[in-house]
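Given next are the chains, with one letter for each unit.
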Amino acid sequence: MPEAAWKLPRRLRSSSHGFLRIARMSDLVTDELIDLQKSADAEHQRVSGLDGEERRAQWERWRVTAERVQAAITEHATSAGLSRFEVERAVKKAVRHPEDSSAA
């Protein structure tokens with residue numbers, strides 16, 4: 001890895017496959033990941049205010065949806081040679097703070 005590369009913030013460095021890869025927002029986030037995260041967030045919001053069996057059932061729906069998001073993030077990061085943490089962070093930022101993501 002070139003010496004100058006180590007001056008980059010750690011989050012922008014990836015040594016996968018032995019070369020430097022600078023991740024752009026468009027590499028990190030896909031429409032599919034955004035849609036999955038929006039769905040998981042919506043399911044999680046529905047848990048609020050529920051009791052008993054309704055709450056348990058809704059919690060289970062949210063858990064299943066959240067697992068799908070996590071699996072998709074892992075798959076995307078692995079196949080693109082990106083940091084899984086950075087992909088997840090970028091997806092959540094794009095969904096929960098879209099005004100910040102559009103400038104990136």
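Small disclaimer: the values here were computed from a predicted structure and weren't measured.

A. Region of interest: the pattern of salt bridges. As enumerated under the stated definition, the model contains eight salt bridges in all. Residues R46 and E43 are paired through a salt bridge, measuring 3.1 Å at the closest nitrogen-oxygen approach. Relative accessible area serves as the criterion here: at 45%, R46 is assigned to the partly exposed category. When the shortest N-O distance is used, the salt bridge between E86 and R89 registers 2.9 Å. Residue E86 and its partner R89 are located together in helix α4 (residues 84-96), separated by three residues, close to a single helical turn.

B. Molecular detail of the environment of L33. On the secondary structure map, L33 appears in helix α2 (residues 31-45). Classification of L33 by relative accessible area gives buried; the value is 2%. Considered as a pair, L33 and V69 are 36 residues apart in the sequence and their alpha carbons are 6.9 Å apart. Residues in contact with L33, not counting those within four places in the same chain, are L28, A72, I73, H76, V87 and V91.

C. Representation of the confidence of the model for the protein. Residues with a pLDDT of 70 or more make up 71% of the protein, whose mean pLDDT is 82. Across residues 1-6, confidence stays below pLDDT 50; counting only partners more than four residues off in sequence or on other chains, it has seven contacts.

D. Focus on the side chain of T65. Considering the arrangement of structural elements, one finds T65 in helix α3 (residues 52-80). A distance of 2.8 Å separates the side chain of T65 from the backbone oxygen of R61, its partner in a polar contact. Dropping the residues within four chain positions of it, T65 is found in contact with L36, S39, A40 and E43.

E. Expanded view of the packing of α2 against α3. Taken N-terminus to C-terminus, the directions of α2 and α3 make an angle of 160°; their axes are 8 Å apart at the nearest point. The orientation of α2 with respect to α3, classified from their angle, is roughly antiparallel. By crossing handedness, the relation of α2 to α3 is classed as left-handed. Of the residues in α3, those in contact with L33, L36, Q37, S39, A40, E43 and H44 of α2 are Q58, W59, R61, W62, T65, A66, R68, V69, A72, I73 and H76. Residues that form the contact of α2 with α3 fall into these classes: nine nonpolar, six polar and three charged.

Criteria and thresholds
Position numbers for residues start from 1 in each chain and track the written sequence from start to end. Residue-level local features of this predicted model are given only where pLDDT is at least 70; pairs of side-chain atoms are given and counted only at 80 or more, and the full residue set underlies all totals for whole chains, interfaces and linings. Side-chain descriptors were evaluated using all non-hydrogen atoms of the structure, hydrogens and water having been removed beforehand. By definition here, a salt bridge exists when the distance from a side-chain nitrogen of Lys or Arg to a carboxyl oxygen of Asp or Glu is within 4 Å. When accessible area is computed with a 1.4 Å probe and restricted to protein chains, residues below 20% of their type maximum are described as buried, those above 50% as exposed, and intermediate ones as partly exposed. Numbering of helices and strands runs from the N terminus; a helix is a DSSP stretch of H or I covering at least four residues, while a strand is a stretch of E covering at least two. Two residues form a contact once any of their heavy atoms are found within 4.5 Å. Summary of the metric used: pLDDT quantifies the predictor's per-residue confidence within the range 0 to 100. Here a polar contact is taken to be a pair of N or O atoms separated by no more than 3.5 Å, where protein atoms must pair a possible hydrogen donor with a possible acceptor and residues adjacent in sequence count only if both atoms sit in side chains. Note on method: axes are straight lines fitted to C-alpha atoms, helices fitted across the in-contact stretch only, with angles between N-to-C directions ranging 0 to 180 degrees. Comment on the angle field: the value is read as roughly parallel under 35 degrees, roughly antiparallel over 145, roughly perpendicular from 65 to 115, and oblique elsewhere. Whether a crossing is left-handed or right-handed is set by the direction in which the near helix is turned from the far one by less than a right angle, anticlockwise for left-handed and clockwise for right-handed. Only Asp, Glu, Lys and Arg are considered charged, only Ala, Val, Leu, Ile, Met, Phe, Trp, Tyr, Cys and Pro nonpolar, and every remaining residue, Gly among them, polar.

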